[in-house]
Amino acid sequence: MPVSVVLLFCVAAAVIALFVGYRVELTRSREGKILAFVALFALPVMAAWTGFSEQMDRATSTRFCLSCHVMDGFGRTLYIDDPSYVPARHFQNNRIPRDHACYTCHTEYSMFGGVKAKARGLRHLWVQYVLGAPKPEAIKLYDPFPNSECLHCHLGARRFEEGSAHNKVPDLLSRVKANKLSCVSSGCHEFVHDVASLKDDTFWKEKQ
Amino acid sequence: METVERRIKWASFLIGAGLLVQLASLLVVHPLAFMGFLMIGCPLMLAGIVMYLLSLIHEK
């Protein structure tokens, strides 16, 4: 649903609810009681639900993740002009949806993956506003990056399964699939969000 | 003013306030707006709805 519709819905619901409170004597009649039920129960519930789904959708957007200043550098790493940087390569070549770039790679593709992502988001807020945000260079994942996030898209892909780098050691692929060897380990796809070296990097400028 | 009507008035005020907070939170894309929606807007609205439903019970 477009945001403008959600906003209009909220405005209309609020106005009708406040109107019923202002003209409370209307609720003495039968029609007034029906109006009160619509204004004070049905419409608010519907407006809150549409607002909630809009908020949940926004919470997966790149704009949302990068809205905190401390994440600026991480956003810039998506534009590094060097294909050895995994996030930049994925972002610039549309291998992930740009509008949901962070969420696509940093959510777990499991039954409660979305819920866990929201819980982590709350923890981010706690760290940001209560404990004090660390320097961008000091920000680390709470847990090692699981291969399942990469395998969600790459598993079964010809380039992944038959690529020479992935088959130079006999059991490499099986260890990767079993999450015993990280995709982002040293010697593999080790360049990710290296915010400490941003000042030395060149950046891709998207053609308008 | 009867108690029931007073409750409905309070319910409408709480629901209106909750919806306005929700509306304001939808104008900004930021984690704090998301928290404002969940922690302020929704509880205000929920309190209003509960008050309205209680007024119906008391009316009977």
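The structure displayed is predicted, hence computed values, not measured ones. (Residues numbered from 1 in each chain as written. Chains lettered and ligands numbered in written order. Predicted model: local features only at pLDDT ≥ 70, side-chain atom pairs only at ≥ 80, totals over all residues. Heavy atoms only, no water.)

A. Helix α8 (residues 147-154) of chain A, seen in detail. What α8 of chain A keeps buried is the set Asn-147, Glu-149 and Leu-151 of chain A. Elements in contact with the buried residues of α8 of chain A: α6 (101-106), α9 (158-162) and α11 (172-177) of chain A. (Buried < 20%, exposed > 50% of the residue type's maximum accessible area, 1.4 Å probe, protein only. Helix = DSSP H or I, 4+ residues; strand = E, 2+ residues; numbered from the N terminus. Contact = heavy atoms within 4.5 Å.)

B. Representation of the packing of aromatic side chains in the model. All chains considered together, the criterion is met by 7 aromatic pairs over all chains. Between the aromatic rings of Trp-49 of chain A and Phe-52 of chain A, the centroid separation amounts to 5.8 Å while the plane-to-plane angle is 35°, which identifies the pairing as tilted. Taken together, the residues span about one helical turn, with Trp-49 of chain A and Phe-52 of chain A both in helix α2 (residues 30-58) at a distance of 3 residues. Residue Phe-52 of chain A is classed as partly exposed on the basis of its relative accessible area, which comes to 26%. On the basis of an interplanar angle of 80° and a centroid distance of 6.3 Å, the ring pair of Phe-64 of chain A and Phe-34 of chain B is categorised as edge-to-face. Pair noted here: Phe-64 of chain A is in helix α3 (residues 62-65) and Phe-34 of chain B is in helix α2 (residues 31-59), and the two residues belong to different chains. Here Phe-64 of chain A matches Phe-34 of chain B in class, with each residue buried. Chaining the aromatic ring pairs together yields one cluster made of Tyr-79, Phe-91 and Trp-204 of chain A. Above the face of the Phe-91 of chain A ring, Arg-98 of chain A is positioned so that its terminal group lies 5.4 Å from the ring centre. Here Arg-123 of chain A stacks its cationic end above the ring of Tyr-142 of chain A, 3.8 Å away from the centre of that ring. (Phe/Tyr/Trp six-rings, centres within 6.5 Å; stacked < 30°, edge-to-face > 60°. Lys NZ or Arg CZ within 6 Å of the ring centre and 35° of its normal.)

C. Region of the structure containing the interface of chain B and chain A. Contacts between chain B and chain A engage 30 residues on the former and 40 residues on the latter. Each partner contributes to the roughly 3,000 Å² buried at the junction of chain B and chain A, and carbon and sulfur atoms together form 77% of this total. Arg-28 of chain A is the partner of Glu-5 of chain B in a salt bridge, and the nearest nitrogen-oxygen pair spans 2.5 Å. At the surface where chain B touches chain A, the tally comes to 7 residue pairs in polar contact (both at pLDDT 80 or more). (Buried area = accessible area lost by both parts, 1.4 Å probe. Salt bridge = Lys/Arg side-chain N within 4 Å of Asp/Glu carboxyl O. Polar contact = N/O pair within 3.5 Å; in protein donor to acceptor, adjacent residues only side chain to side chain.)

So far we have only geometry, and geometry alone does not tell us how the molecule works.
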